[in-house]
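Coordinate inspection notes
What follows is each chain in one-letter form.
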Amino acid sequence: MTLPPETGAPAVPADQPDGERPVRPVPEATVSRLAVYLRVLGELRESGVETVSSEELAGASGVNSAKLRKDLSYLGSYGVRGVGYDVASLQARLQGELGMDHRQSVALVGVGNLGHALAGYAGFAGRGFPVGALFDVDDDLVGSDINGIRVRHVRDIPEVCAADGVTIGMIATPGPAAQAVCDLLVRSGVQSILNFAPVLLQVPDDVEVRKVDLSVELQVLAFHVARRHTAGETTVPAAGRETSETNGSVVSPR
């Protein structure tokens with residue numbers, strides 16, 4: 001049965017089952033938001049919530065309801081007007097679209113300070129991304145166990161990744177070593193890589209790379225801090241005292 005769309009969602013032919021709707025390309029930004037919706041739906045379900053309106057789901061996800069409905073329309077998923085979305089059904093649909101209904105196996109290369117923290121993060125396994133293989137070149141680390149996983153030498157990447165069916169590789173090595181590690185992962189058949197190293201990786205067209213640069217994220221935050229500071233300094237009330245636009249605080253004139 002096809003559910004009637006909520007206001008703002010495009011109409012769907014009643015005789016076209018959910019799984020047979022034409023597949024439209026999903027924008028990258030939408031994919032990122034789908035992951036957020038999935039997390040929120042998981043929290044709602046754990047709280048015993050069975051249905052959620054687009055406004056409630058959008059608010060909890062930090063977007064507006066029109067954008068949420070458009071994002072979900074790429075999947076052919078529509079809520080019932082006046083009722084909203086069935087939490088369990090929508091959660092299952094998003095899990096399927098995001099590949100969560102298939103076994104994922106993650107390999108982490110580089111278990112220094114950042115890598116060690118990533119290896120110990122329980123949230124990966126809880127979201128369906130268990131870290132099953134660890135690699136490094138440091139003799140003090142190779143052969144040790146982290147969370148019950150033996151650290152192997154980087155040269156073992158092809159053998160271990162093939163045997164374990166690794167689907168995602170995470171690189172947390174120093175920059176100069178990252179490309180060689182990436183090449184090993186790609187030759188092992190890994191086509192999805194999360195890169196924490198401060199370099200751009202060169203990969204074949206069929207390999208997807210997501211780069212996480214923490215220093216860049218801090219610089220973006222610093223930019224916004226500086227902008228707010230500048231806005232506060234340049235706002236001068238008629239009385240001659242300076243008032244910050246961002247928080248209304250008053251500072252003494254120079």
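Residues numbered from 1 in each chain as written. Predicted model: local features only at pLDDT ≥ 70, side-chain atom pairs only at ≥ 80, totals over all residues. Heavy atoms only, no water.

1. Observations concerning the overall build of the chain
Each helix and strand in the chain was counted, giving nine helices and 11 strands. For the chain, buried positions account for 36% of its 254 residues. In the chain, the share of contacts with a sequence separation of at least 24, taken over all contacts with a separation of at least 6, comes to 54%. Carbon and sulfur atoms make up 55% of the accessible area of the chain, which amounts to about 14700 Å² in all. (Helix = DSSP H or I, 4+ residues; strand = E, 2+ residues; numbered from the N terminus. Buried < 20%, exposed > 50% of the residue type's maximum accessible area, 1.4 Å probe, protein only. Contact = heavy atoms within 4.5 Å. Areas by Shrake-Rupley, 256 points an atom, 1.4 Å probe, with all protein chains shown as cover.)

2. Quick look at unusual backbone geometry
In this structure, Asn147 takes a positive phi of about 55° despite not being glycine. Inspection of the secondary structure assignment puts Asn147 in the loop between strand 5 (145–146) and strand 6 (149–153). With relative accessibility at 57%, the residue Asn147 sits in the exposed group.

3. Digging into the confidence of the model for the chain
Per-residue pLDDT for the chain has a mean of 82; in total, 81% of the residues score no lower than 70. Throughout residues 1–22 the model reports pLDDT below 50, and contacts reaching past four residues in sequence, or to other chains, amount to 36 contacts. Note on residues 240–254: pLDDT is under 50 here. Beyond four places in sequence and across chains, it has 26 contacts. (pLDDT = per-residue confidence, 0-100.)

4. Focus on the pattern of salt bridges
A full pass over the atoms with the stated rule returns eight salt bridges. When the shortest N-O distance is used, the salt bridge between Arg93 and Glu97 registers 3.4 Å. With a gap of four residues between them, Arg93 and Glu97 both fall in helix 4 (residues 87–97), about one helical turn apart. Overall, the relative accessible area of 41% leaves Glu97 in the partly exposed class. The shortest N-O distance in the salt bridge between Arg150 and Asp145 comes to 2.5 Å. Classification of Arg150 by relative accessible area gives partly exposed; the value is 46%. (Salt bridge = Lys/Arg side-chain N within 4 Å of Asp/Glu carboxyl O.)

5. Quick word on the nonpolar core
In this structure, Phe135, Ile157, Cys161, Ile171, Leu185 and Ile193 are the most contacted members of the largest nonpolar core, which totals 20 residues. When residues of this core are traced back to their parent elements, those giving at least two are strand 3 (106–109), strand 4 (131–136), helix 7 (157–164) and helix 8 (175–187). If you tally residues by element for this core, the top one is helix 8, at five residues. With residues near it in sequence (within four places) discarded, Ile171 still touches Val109, Ala178, Val181, Cys182, Leu185, Ile193, Leu194, Asn195, Phe196, Ala197 and Leu201. Formed by 16 residues, the second largest nonpolar core is a distinct cluster that contains Val40, Leu41, Leu72 and Leu75. (Core = buried A, V, L, I, M, F, W, Y, C linked by side-chain atoms within 4.5 Å.)

6. A few points about the packing of aromatic side chains
Within this structure, the stated rule accounts for one aromatic pair. Ring geometry for Tyr121 and Phe124: centres 4.9 Å apart, planes at 90°, overall edge-to-face. Exposure remark for Tyr121: the relative accessible area of 47% places this residue in the partly exposed category. (Phe/Tyr/Trp six-rings, centres within 6.5 Å; stacked < 30°, edge-to-face > 60°.)

7. Quick notes on the packing of helix 1 (residues 28–46) against helix 2 (residues 54–61)
Contact pair helix 1 / helix 2: the axes reach a minimum separation of 9 Å and the direction vectors enclose 110°. By the angle between their axes, helix 1 is roughly perpendicular relative to helix 2. For the pair helix 1 and helix 2, contact is made by Val36, Tyr37, Val40, Leu41 and Leu44 and by Leu57, Ala60 and Ser61, respectively. Class assignment of the residues belonging to the contact of helix 1 with helix 2 gives a composition of seven nonpolar, one polar and no charged. (Axes fitted to C-alpha atoms, helices over the stretch in contact; angles between N-to-C directions. Parallel < 35°, antiparallel > 145°, perpendicular 65-115°, else oblique. Nonpolar A, V, L, I, M, F, W, Y, C, P; charged D, E, K, R; others polar.)

8. Focus: the packing of helix 1 against helix 3 (residues 65–73)
Running from N to C, helix 1 and helix 3 cross one another at 105°; their axes reach a closest spacing of 10 Å. In terms of orientation, helix 1 and helix 3 fall into the roughly perpendicular class. Where helix 1 approaches helix 3, its residues Thr30, Arg33, Leu34 and Tyr37 are matched on the opposing element by Lys67, Leu68, Asp71 and Leu72. Residue classes in the contact of helix 1 with helix 3 are distributed as four nonpolar, one polar and three charged.

9. Focus: the sheet that holds strand 3
Spatial strand order, 5-6-4-3-7-8-9: seven strands in an open sheet with mixed pairing. Two strands in the sheet have a free side with no partner beyond their single neighbour: strand 5 and strand 9 (208–211). Against the sheet, helix 7 contacts strand 3, strand 4 and strand 6, and its axis sits at roughly 175° relative to strand 4. (Pairing = 2+ DSSP bridges.)

10. Notes on the environment of Gly99
One can find Gly99 in the loop between helix 4 and strand 3. Placed 29 residues apart in sequence, Gly99 and Gly128 show a C-alpha to C-alpha distance of 9.6 Å.

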